[in-house]
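What follows is each chain in one-letter form.
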Amino acid sequence: MSDTHPNTRGFARGPIPEPPEAPSARTTTARYTRAGRAAARRPWIALGLAIVTLFMASWIIIPGPNRTIVPLSVGAPEIAQWLVIMALVAIVGAIRTWRAHFVARVTIVAGVVALLLSLWPLVRFHSVASRAEAQLTSVLGLDYLDSVPLQRQLKLRSSPLIVADLFRGLPKDSVKETGNVLFATVAKVPLHAFVYEPLAAGKYPIIVQIYGGAWQRGAPDEFGEFGRYFAARGYVVFSIDYRHAPEFHFPAPLADIKTALTWIKRNGAKYNADTSRIALLGRSAGAHLAVMTAYDSTLPPVKAVVGFYTPIDLVDSYRHPPSPDVLHLRDVLEKFIGKPLDEAVDTYDAASPINLVNRPLPPTLLFNGDRDNIVEARYSAELNNKLRATGTKSIFVEIPWADHAFDEVPNGMSGQLSRYVTERFLAWALTRPNN
């Protein structure tokens, strides 16, 4: 018998296909077993995610007790948006089985706590940004940007917080960068600068950037992203070096900043820089050097100074170190000054910016995290009040959720807010035609 048969048109078909084989009981059981195992693992995976998220989010409110944990304390508030997403994923992953699984119920509790902790900076942001805006207008004037060139105004950040930047990072612009420029050799120590310029020829105001590092470490190429960002917005940024403790003590690093300024004024034209418009900006130990230099009555005045988490009163800091004292502050100060406080009170006094505030000084912008246990925010508040009492234009932005070095995450909430305020402050201080 033929295994073909005619179709309706009389043509022979091919072999009649065999019907598909039904899955065996063993195959079906294996499939159900794999699905069951996956379902059983799902609550545990969600629990793991919830615990990791809760651990990270807890450092939004708990101060880092040592140097190992401090990076978590610094970074957690600045990646809160990611922690919110992680907490929500954990909750959603557990909620389907919360009635049947104790693990799922624990996951939901941990996820909700992590979510609330992660939302805290986001919820507080609007009020903090509003206070910062209010300070800008109350100190600089309601129309403080009116005299800033329109082309520069258009380059300012449009908002204290751009949500997309939280996830994609800040824009990366092309600039001209010149690295390792030797500006001096002091006591056989070569001192270098990194220079960031706009691509277009012109004459641009200057930002002198001074790195931190407890006066003991660091390099001028740190925060290069900051230099490139501001160069793309019409500034020449000189990031400068200085000698470090404990080999060199105060005032040696301060002398190096003054040497750098002299070199910048002599050579600024090579880099399209307007040496009549200079602002100093520093972080931590670098902020201390920036403020000390800006307030030095023996130097030509600068147009403005910006200090991120600035050491202000070295005597009080020595007597009342923070708790937890993650850097062992007395040891840091002794290496910087060269002696303990009881052997060099006058030197500690001379190295404290708070003691230089006795007359109107260059406009000052200060930032501090309220959770900073390296340089406490109360010192910046004290300096701000004393500056205002002399008639100095001073702004202090205190960020409740932020820790020391918060702007290490430039696209985080603290980084965006501080950059927004800094842009406007420097535009007012450096680019007005009559300034």
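All values reported here derive from a predicted model rather than from experimental measurement.

Rules used in this analysis
Residues numbered from 1 in each chain as written. Predicted model: local features only at pLDDT ≥ 70, side-chain atom pairs only at ≥ 80, totals over all residues. Heavy atoms only, no water. Helix = DSSP H or I, 4+ residues; strand = E, 2+ residues; numbered from the N terminus. Rg over C-alpha atoms; globule rule 2.2 N^0.38 Å. Buried < 20%, exposed > 50% of the residue type's maximum accessible area, 1.4 Å probe, protein only. Lys, Arg positive; Asp, Glu negative; His and termini not counted. Charge placed at Lys NZ, Arg CZ, Asp CG, Glu CD. Pairing = 2+ DSSP bridges. Axes fitted to C-alpha atoms, helices over the stretch in contact; angles between N-to-C directions. Contact = heavy atoms within 4.5 Å. Phe/Tyr/Trp six-rings, centres within 6.5 Å; stacked < 30°, edge-to-face > 60°. Lys NZ or Arg CZ within 6 Å of the ring centre and 35° of its normal. pLDDT = per-residue confidence, 0-100. Parallel < 35°, antiparallel > 145°, perpendicular 65-115°, else oblique. Nonpolar A, V, L, I, M, F, W, Y, C, P; charged D, E, K, R; others polar. Right-handed = clockwise from strand over helix to strand, strands pointing away. Patch = residues over 30% accessible without salt bridge, like charges linked within 9 Å, V, L, I, M, F, W, Y side chains within 5 Å. Areas by Shrake-Rupley, 256 points an atom, 1.4 Å probe, with all protein chains shown as cover. Salt bridge = Lys/Arg side-chain N within 4 Å of Asp/Glu carboxyl O.

1. Examining the overall build of the protein chain
Counting secondary structure elements, the protein chain contains 14 helices and eight strands. A compact globule built from 435 residues would reach a C-alpha radius of gyration of about 22 Å, whereas the protein chain, at 30 Å, exceeds it by more than 25%. By its C-alpha atoms, the protein chain is 115 × 55 × 50 Å across when sized along the principal axes. Expressed as a percentage of its 435 residues, the buried residues of the protein chain come to 52%. For the protein chain, the separation between the mean place of its 46 positive charges and that of its 37 negative charges on side chains is 8 Å.

2. Looking at the pairing of strand 1 (residues 176-186)
Looking at chain direction, strand 1 and strand 2 (residues 189-197) are connected through eight bridges and run antiparallel. Within strand 2, the residue paired with alanine 184 across the bridge is leucine 191. Counting the residues in the hairpin turn of strand 1 and strand 2 gives two residues, including alanine 187, whose phi is positive at 50 degrees.

3. Considerations on the sheet that holds strand 6 (residues 304-308)
Overall, mixed pairing links the eight strands, which are arranged 1-2-4-3-5-6-7-8 in an open sheet. In this open sheet, the two edge strands, each paired with only one partner strand, are strand 1 and strand 8 (394-399). Sheet twist, expressed as the average angle between the axes of neighbouring strands with direction ignored, equals 20 degrees. Sitting on the sheet, helix 8 (residues 252-267) touches strand 1, strand 2, strand 3 (204-210), strand 4 (236-240) and strand 5 (273-283), and the angle it makes with strand 1 is about 125 degrees.

4. Describing the packing of aromatic side chains
Applying the stated rule across the entire model yields 19 aromatic pairs. The structure contains a cluster of three or more aromatic residues connected by ring pairs, namely Phe183, Phe238, Trp263 and Tyr271. Seen from the ring of phenylalanine 308, arginine 283 lies directly overhead, with NZ or CZ sitting 5.3 Å from the centre. One Lys or Arg, arginine 419, reaches over the ring of tyrosine 229 and ends 4.6 Å from the middle of that ring.

5. Considering the confidence of the model for the protein chain
Averaged over every residue, the pLDDT of the protein chain is 92; residues scoring 70 or more account for 91%. Low pLDDT (under 50) marks residues 1-13, which in the prediction has 12 contacts with non-local residues, meaning those over four places away or in another chain. Below a pLDDT of 50 lies the segment residues 27-32, which in the model reaches one contact outside its immediate sequence neighbourhood of four places, other chains included.

6. Here we look at helix 7 (residues 224-231)
Most of helix 7 sits inside the fold, with six of its eight residues counted as buried. Tucked into the core, helix 7 has its buried residues touching strand 2, strand 3, strand 4, strand 5 and helix 14 (413-431).

7. Let's talk about the environment of tryptophan 120
Of note, tryptophan 120 is situated in helix 4 (residues 102-140). Distance in space between the C-alpha atoms of tryptophan 120 and tyrosine 318 is 32 Å, their sequence separation being 198 residues. Setting aside residues up to four positions removed in sequence, tryptophan 120 forms contacts with Ile60, Pro400 and Trp401.

8. Some details on unusual backbone geometry
Cis geometry marks the peptide bond from phenylalanine 250 to proline 251; its omega dihedral reads 10 degrees. Here proline 251 shows up in the loop between strand 4 and helix 8. The residue after serine 323, namely proline 324, is reached through a cis peptide bond having omega 0 degrees. Topologically, proline 324 is positioned in the loop between helix 10 (314-319) and helix 11 (329-337).

9. Concerning the packing of helix 4 against helix 14
Orientation of helix 4 relative to helix 14, taken along the N-to-C sense of each, is 10 degrees, at an axis distance of 11 Å. The pairing of helix 4 with helix 14 is recorded here as roughly parallel in orientation. Contact residues: helix 4 offers Pro121, Leu122, Phe125, Val128, Ala129, Ala132, Glu133, Leu136 and Leu140, while helix 14 offers Met413, Leu417, Tyr420, Val421, Arg424, Phe425 and Trp428. Per-class residue counts for the contact of helix 4 with helix 14 are 14 nonpolar, no polar and two charged.

10. Observations concerning the pairing of strand 4
Counting buried positions along strand 4 yields five of five residues, so the element is predominantly enclosed. Along strand 4, one buried face is formed by Val236, Phe238 and Ile240 and the opposite face, lined by Val237 and Ser239, is buried too. Pairing of strand 2 with strand 4, which is carried by four bridges, proceeds in the antiparallel orientation. From the neighbouring strand, phenylalanine 194 faces strand 4, where its bridge partner is serine 239. Sheet topology places strand 3 next to strand 4; five bridges connect them, and they run parallel. Note on strand 4: the bridge partner recorded for valine 208 is phenylalanine 238. Following the chain from strand 3 across helix 7 to the adjacent parallel strand 4, one finds a crossover that is right-handed.

11. As for the environment of aspartate 349
Summarising the element assignment, aspartate 349 is placed in helix 12 (residues 345-350). Of the residues examined, aspartate 349 reaches a relative accessible area of 31% and is grouped as partly exposed. Considering only alpha carbons, one finds aspartate 349 and leucine 314, 35 residues apart in sequence, at a separation of 7.0 Å. Not counting residues up to four positions away in its chain, the partners in contact with aspartate 349 are Val315 and Asn355.

12. Here's the deal with a nonpolar patch on the surface
On the surface, Trp82, Ile85, Val89, Val163 and Phe167 cluster together into a nonpolar patch covering about 450 Å² of accessible area. Elements with a minimum of two residues in the nonpolar patch: helix 3 (80-95) and helix 6 (163-168). At three residues, helix 3 tops the list of elements feeding residues into the nonpolar patch. As for its placement among the helices and strands, valine 89 is situated in helix 3. Judged by relative accessible area, which is 48%, valine 89 ranks as partly exposed.

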